[in-house]
Amino acid sequence: MDSNVTATGVHCLNCGAEFESHEARCPYCGTMYEPGAEKQYMRKLGDIREDMEDLNGLALSETKSELKAAAKSTLRTIVIIIVAILLLSGILYLWDFVRWWF
Ligand SMILES: [Zn+2]
């Protein structure tokens, strides 16, 4: 079977034309070239798998950054409320102090 493989490509078993070994079919007569078809199939599978991984990675990182942003804004709100309470109690304390001593 390897006798039809050359340095540049393969020879069609049907018509003898030379074509690249990654082709799935002879471009001249359309005869199936199984090793080439297998290579193309595996490459497509690999591409699809990579695409899926890209998609998953993207979705995950987006969700993460969204969660982070939500946590950040929640934290900021809590800090603002605490500061407001402290300020208010401080003012009330000062007000009491002023009222009792002057
Ligand atoms: Zn051919």
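Turning our attention to the overall build of the protein. When its secondary structure is counted, the protein shows one helix and two strands. The order of α-helices and β-strands along the protein, N terminus first, is β-β-α. Here the C-alpha radius of gyration of the protein, 36 Å, is well above what a compact globule of 102 residues would show, namely 13 Å. C-alpha atoms of the protein, sized along the principal axes, occupy 110 × 20 × 20 Å. Looking at the protein residue by residue over its 102 residues, the buried ones come to 11%. Of the contacts made within the protein by residues no fewer than 6 positions apart, 2% connect residues no fewer than 24 positions apart. Carbon together with sulfur atoms contributes 66% to the accessible area of the protein, which is approximately 9,000 Å² in total. Taken together, the 10 basic and 14 acidic charged side chains of the protein have centroids lying 13 Å from each other.

Another point: helix H1 (residues 34-101). Between its terminal C-alpha atoms H1 stretches 99 Å, which fits the 100 Å expected from 68 residues at 1.5 Å a residue. Taking burial as the measure, the 68 residues of H1 include two buried ones, a minor fraction of the element.

This next bit is on the confidence of the model for the protein. Averaged over every residue, the pLDDT of the protein is 87; the share at 70 or more is 92%. Averaged pLDDT values over the elements of the protein bottom out at 89 in H1 and peak at 92 in strand E2 (residues 18-19).

Further remarks concern the coordination of the zinc ion. Every protein donor of the zinc ion is accounted for by Cys12 (SG), Cys15 (SG), Cys26 (SG) and Cys29 (SG), and the metal-donor separations fall at 2.2 to 2.3 Å. Bound by four donor atoms, the zinc ion shows angles of 102 to 116° at the metal and therefore tetrahedral coordination geometry. When the donors of the zinc ion are listed by position in the chain, the intervening gaps give C-x2-C-x10-C-x2-C. Linking Cys12 in the loop between strand E1 (10-11) and E2 with Cys26 in the loop between E2 and H1, this pair joins segments that are 14 residues apart in sequence.

Here Pro27 lies in the loop between E2 and H1. With a relative accessible area of 53%, Pro27 lands in the exposed category. Measuring from C-alpha to C-alpha, the distance between Pro27 and Cys12 comes to 9.2 Å, with 15 residues separating the pair along the chain.

Definitions and cut-offs
Residues numbered from 1 in each chain as written. Predicted model: local features only at pLDDT ≥ 70, side-chain atom pairs only at ≥ 80, totals over all residues. Heavy atoms only, no water. Helix = DSSP H or I, 4+ residues; strand = E, 2+ residues; numbered from the N terminus. Rg over C-alpha atoms; globule rule 2.2 N^0.38 Å. Buried < 20%, exposed > 50% of the residue type's maximum accessible area, 1.4 Å probe, protein only. Contact = heavy atoms within 4.5 Å. Areas by Shrake-Rupley, 256 points an atom, 1.4 Å probe, with all protein chains shown as cover. Lys, Arg positive; Asp, Glu negative; His and termini not counted. Charge placed at Lys NZ, Arg CZ, Asp CG, Glu CD. Expected span 1.5 Å × (residues − 1). pLDDT = per-residue confidence, 0-100. Donors = N, O, S within 2.8 Å, 3.2 Å for Na, K, Ca; no water. Tetrahedral: all angles 85-135°; square planar, octahedral: opposite > 155°, others 65-115°.

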